[in-house]
Amino acid sequence: MEYLEIKSEDSVGVKIIDEQHRNIADVVNQMHQSILKLDKKQSVKNLIELLELLENHFETEESMMKGSGFPGYISHKLEHDRFYRQILTATDNYKKGNESFGLEQLKGIKRWFFNHIEINDKKCGKFFVEKGIN
């Protein structure tokens, strides 16, 4: 069983967004394994890859929101920005040895990820599908 498993009920109904969510989950699962193995070098690589995926994913969603006139754009973007900065700061601190990064931090990522899908991304997905974007 994967640490972060995307199920059918987690779909937002937009192919590219659902695909990106699965890619993010894959990296979080790889990170889980590297943390269990106490492989800091691999954990850092996973965190950097997660940052890249998040940046691309957030840009995709934000572009779609702006292009479709999604009314919750500003608050959704702020949520993206806060989370991205949090992961960026944690990555920088971990690389410098100023902070640990382990299962507790990973649990926070998992919680944020599913809360964000349920509370924000599903609203976007519903709006996009109604606009014919899927």
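Everything here concerns the structure above.
So, a few notes on the structure that sits alongside this text. (Residues numbered from 1 in each chain as written. Predicted model: local features only at pLDDT ≥ 70, side-chain atom pairs only at ≥ 80, totals over all residues. Heavy atoms only, no water.)

## A few points about the pattern of salt bridges
Argument step 1. Here the structure, examined in full by the defined rule, presents six salt bridges.
Argument step 2. Close ionic contact of Lys-107 with Glu-104 constitutes a salt bridge, the shortest N to O distance being 3.6 Å. Highlighted residues: Lys-107 and Glu-104, both in helix 4 (residues 103-130), separated by three residues, approximately one helical turn.
Argument step 3. When its relative accessible area of 52% is taken as the criterion, Glu-104 is described as exposed.
Argument step 4. One salt bridge in this structure joins Glu-118 and Lys-122, with 3.1 Å as the shortest N-O distance. Remark: Lys-122 and Glu-118 occur in helix 4; sequence separation between them is four residues, near one turn of the helix. (Salt bridge = Lys/Arg side-chain N within 4 Å of Asp/Glu carboxyl O. Helix = DSSP H or I, 4+ residues; strand = E, 2+ residues; numbered from the N terminus. Buried < 20%, exposed > 50% of the residue type's maximum accessible area, 1.4 Å probe, protein only.)

## Examining the packing of aromatic side chains
Argument step 1. Evaluation of the coordinates by the stated rule reveals seven aromatic pairs.
Argument step 2. Seen from their ring centres, Phe-58 and Trp-112 are 6.1 Å apart, and the 65° between their planes marks the pair as edge-to-face. Placement of the pair is Phe-58 in helix 2 (residues 40-68) and Trp-112 in helix 4, with a sequence separation of 54 residues. The same class applies to Phe-58 and to Trp-112, which are both buried.
Argument step 3. Ring plane angle 55° and centroid distance 6.4 Å describe the contact between Phe-70 and Phe-128, whose orientation is recorded as tilted. Of this pair, Phe-70 sits in the loop between helix 2 and helix 3 (73-96) while Phe-128 sits in helix 4, placing them 58 residues apart in sequence.
Argument step 4. For Phe-128, a relative accessible area of 0% corresponds to the buried category.
Argument step 5. Grouping aromatic residues by their ring pairs yields a cluster made of Phe-58, Phe-83 and Trp-112.
Argument step 6. We note Lys-40 situated over the ring of Tyr-94; from NZ or CZ to the ring centre the distance is 4.9 Å.
Argument step 7. If you follow Lys-110 out to its NZ or CZ, it ends over the ring of Tyr-3, 4.4 Å from the centre. (Phe/Tyr/Trp six-rings, centres within 6.5 Å; stacked < 30°, edge-to-face > 60°. Lys NZ or Arg CZ within 6 Å of the ring centre and 35° of its normal.)

## What to know about a negative patch on the surface
Argument step 1. Taken together, the side chains of Glu-49, Glu-52, Glu-55 and Glu-59 present a region of like negative charge at the surface.
Argument step 2. Glu-49 sits in the partly exposed class, given a relative accessible area of 33%. (Patch = residues over 30% accessible without salt bridge, like charges linked within 9 Å, V, L, I, M, F, W, Y side chains within 5 Å. Areas by Shrake-Rupley, 256 points an atom, 1.4 Å probe, with all protein chains shown as cover. Lys, Arg positive; Asp, Glu negative; His and termini not counted. Charge placed at Lys NZ, Arg CZ, Asp CG, Glu CD.)

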